[in-house]
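Results of the structural survey
Given next are the chains, with one letter for each unit.
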Amino acid sequence: MIPERFAPMVRELTPLAERFHAAGHRLFVVGGAVRDLFDGRDVTDLDLTTDARPPEIKRCLDGWAEAVWTQGEKFGTIGAQKTDAESGERLDYEITTFRAEAYADDSRKPHVVFADEIEADLSRRDFTVNAMALEMLPGGTTPELVDPFDGMVDLMSKTLRTPLGAHVSFSDDPLRMLRAARFVAGYGLAPSDEITAAVREMAARLEIVSAERIRDELDKLMVVDHPAEGLWFLVDTGLAEEFLPELPKMRLEHDPIHRHKDVLTHTIAVVENVRPPREDERIAAGERPGYDFRLTRLAALFHDVGKPRTRGYQAGKGTTFHHHDAVGARMTRTRMGALRYSNDDVAAVTELVALHLRFHTYSMGWSDSAVRRYVRDAGDLLAELNTLTRCDCTTRNAKKAARLGRRMDELEERIDELAAAEEL
């Protein structure tokens with residue numbers, strides 16, 4: 001009997017698997033879809049691999065796919081689109097020939113070599129939990145698990161390992177060192193000692209990876225449910241120094257005399273505080289629109305980045321960080337530009353960093369015109385700015401946190417009242 005969680009996939013792929021088998025080839029679901037199926041997570045994309053070469057893949061798709069694209073053919077990948085008979089949804093597939101790829105020491109682009117066995121393909125994948133495959137069989141029978149590197153054991157034991165040696169894996173693609181942080185955070189996997197040691201030794205090799213790929217991987221880390229462990233992994237292994245050196249620089253020492261906080265610990269706590277907005281619940285409750293989760297998380301990451309440069313000491317006040325908002329905004333613009341973020345992303349996060357202290361003068365009392373100015377300056381980022389301000393409170397003092405929450409509630413109520421009055 002087919003396990004319930006496999007049934008939709010089997011129904012969807014059996015006709016295609018039968019075409020490949022009739023042509024003398026094998027078809028596998030591979031990578032993240034297999035991992036997520038066994039981890040009880042939703043599977044949205046099915047990556048397929050086969051021993052067939054690209055011309056043979058196209059022949060198998062002929063008469064089944066409604067559209068085929070071949071932009072990735074030289075890398076062994078053929079894309080296809082098919083409308084699901086039950087849901088009417090258009091589904092996209094990528095089918096790739098077994099391959100092994102490696103980076104030359106001075107290259108950002110992989111050299112692709114096709115392979116004949118699934119085990120060779122799996123051996124070159126990043127982590128053992130991604131080096132599993134399910135062979136799709138004719139007749140709608142239960143797929144067979146192929147797991148030559150004990151990825152299932154690692155998934156169950158919450159361990160992050162590489163199929164081959166970590167040094168080999170990270171040499172093949174240095175971006176995997178950054179990807180490890182996402183798996184540590186997103187799946188709660190503990191990196192093996194070998195992985196941690198290899199990242200520390202090979203961190204500088206990240207320099208051959210394009211800024212765009214690094215940016216995309218950082219974005220993926222920033223939107224996992226709890227990114228803290230991944231961010232600490234980047235700092236503790238020294239990898240952050242290679243692409244985001246401002247992050248470890250926030251690890252300011254605790255000073256019992258000046259009594260300032262460890263800025264890095266605070267920053268990571270603020271990032272964690274930013275939770276995904278529940279749009280369905282907000283709309284049902286008649287509340288204001290939600291915020292851009294990714295941008296707000298990035299703003300939380302950068303909001304205090306100017307503190308190390310502005311740290312000072314003032315008698316009677318202790319440690320100070322005068323103008324760290326303005327300095328941090330300039331630093332944010334520079335770093336996000338270097339990571340090739342879009343102009344819109346750079347402008348939005350930079351503005352949030354520049355404005356993140358504005359609310360704290362509200363305790364002095366704001367006139368209606370001051371409230372309007374706050375709204376006008378925030379512009380389309382008002383929801384993100386208010387969320388960042390709330391999340392910036394990491395104090396353990398419950399009364400202090402409650403006071404800040406009440407002040408923000410009051411400000412948002414005034415914003416709503418003034419907006420309603422202006423509409424009238």
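Residues numbered from 1 in each chain as written. Predicted model: local features only at pLDDT ≥ 70, side-chain atom pairs only at ≥ 80, totals over all residues. Heavy atoms only, no water.

Some details on the overall build of the protein
Tallying secondary structure elements over the protein gives 21 helices and 13 strands in all. The principal-axis extents of the C-alpha atoms in the protein amount to approximately 80 × 55 × 35 Å. Per-residue burial for the protein yields a buried fraction of 50% across its 424 residues. Across the protein, the mean location of the 57 positive side-chain charges is 6 Å away from that of the 74 negative side-chain charges. (Helix = DSSP H or I, 4+ residues; strand = E, 2+ residues; numbered from the N terminus. Buried < 20%, exposed > 50% of the residue type's maximum accessible area, 1.4 Å probe, protein only. Lys, Arg positive; Asp, Glu negative; His and termini not counted. Charge placed at Lys NZ, Arg CZ, Asp CG, Glu CD.)

Re a positive patch on the surface
On the surface, Lys399, Lys400, Arg403 and Arg406 cluster together into a patch of positive charge. Looking at where Lys400 falls in the secondary structure, it is placed in helix α21 (residues 398-423). A relative accessible area of 46% means that Lys400 is categorised as partly exposed. (Patch = residues over 30% accessible without salt bridge, like charges linked within 9 Å, V, L, I, M, F, W, Y side chains within 5 Å. Areas by Shrake-Rupley, 256 points an atom, 1.4 Å probe, with all protein chains shown as cover. Salt bridge = Lys/Arg side-chain N within 4 Å of Asp/Glu carboxyl O.)

Overview of the layout of surface pockets
One number sums up the size of the largest pocket: a volume of about 1,600 Å³. Taken together, 42 residues make up the lining of the largest pocket; nearest its centre are Asp47, Arg125, Asp126, Arg179 and Lys220. Elements with a contribution of two residues or more to the lining of the largest pocket: α2 (32-38), β2 (47-50), β5 (90-97), β6 (99-102), α7 (175-186) and α9 (211-222). Broken down by class, the residue content of the lining of the largest pocket amounts to 12 nonpolar, 9 polar and 21 charged. (1 Å grid on protein atoms, 1.4 Å probe; cavity = no way out; pocket = protein on both sides within 12 Å on 5 of 7 lines; lining within 4 Å. Points joined across faces, edges and corners; volume = space filled by probe spheres on them. Nonpolar A, V, L, I, M, F, W, Y, C, P; charged D, E, K, R; others polar.)

Side note on the nonpolar core
Residues Val29 and Phe243 are the most contacted members of the largest nonpolar core, which totals 112 residues. With 8 residues, the single largest contributor to this core is α7. When neighbours within four sequence positions are excluded, Val29 is seen to be in contact with Met9, Leu13, Val34, Leu46, Asp47, Leu48, Met132, Ala133, Leu134 and Met136. Residues Phe28, Ala115, Val146 and Phe149 belong to the second largest nonpolar core, which totals 10 residues. (Core = buried A, V, L, I, M, F, W, Y, C linked by side-chain atoms within 4.5 Å. Contact = heavy atoms within 4.5 Å.)

Overview of the environment of Gln81
When you line up the elements, Gln81 lands in strand β4 (residues 77-83). The sequence separation of Gln81 and Ala326 amounts to 245 residues, and the corresponding C-alpha distance is 49 Å. In contact with Gln81, other than residues within four places in its own chain, are Ala65, Glu66, Ala67, Trp69, Arg90, Leu91 and Asp92. A polar atom in the side chain of Gln81 sits 3.0 Å from the side chain of Asp92. (Polar contact = N/O pair within 3.5 Å; in protein donor to acceptor, adjacent residues only side chain to side chain.)

A look at a negative patch on the surface
Residues Asp45, Asp47, Asp92 and Glu94 make up a contiguous surface patch of negative charge. Inspection of the secondary structure puts Asp92 in strand β5.

With respect to the pairing of β4
When you tally the buried positions in β4, you get 5 out of 7 residues, the bulk of the element. Two elements, strand β3 (residues 67-69) and β4, share 3 bridges in a ladder whose sense is antiparallel. Looking at β4, one finds that Ala67 is bridged to Gln81. By the bridge criterion, 7 bridges tie β4 to β5 in an arrangement that is antiparallel. Residue pairing for β5: Ala80 is matched across the bridge by Tyr93. With antiparallel pairing between neighbouring strands as the criterion, β4 and β5 make up a hairpin whose turn holds 6 residues, including Gly88 at a positive phi of roughly 75°. (Pairing = 2+ DSSP bridges.)

Describing the packing of aromatic side chains
Evaluated as defined, the whole model comprises 6 aromatic pairs. Pairing Phe28 with Phe98 gives two aromatic rings, centres 5.8 Å apart and planes at 55°, and the pair type is tilted. Remark: Phe98 occurs in the loop between β5 and β6 and Phe28 occurs in strand β1 (residues 27-30); sequence separation between them is 70 residues. For Phe98, a relative accessible area of 1% translates into the label buried. Aromatic side chains Trp366 and Tyr374 sit 5.4 Å apart centroid to centroid with 50° between the ring planes, which places their arrangement in the tilted category. (Phe/Tyr/Trp six-rings, centres within 6.5 Å; stacked < 30°, edge-to-face > 60°.)

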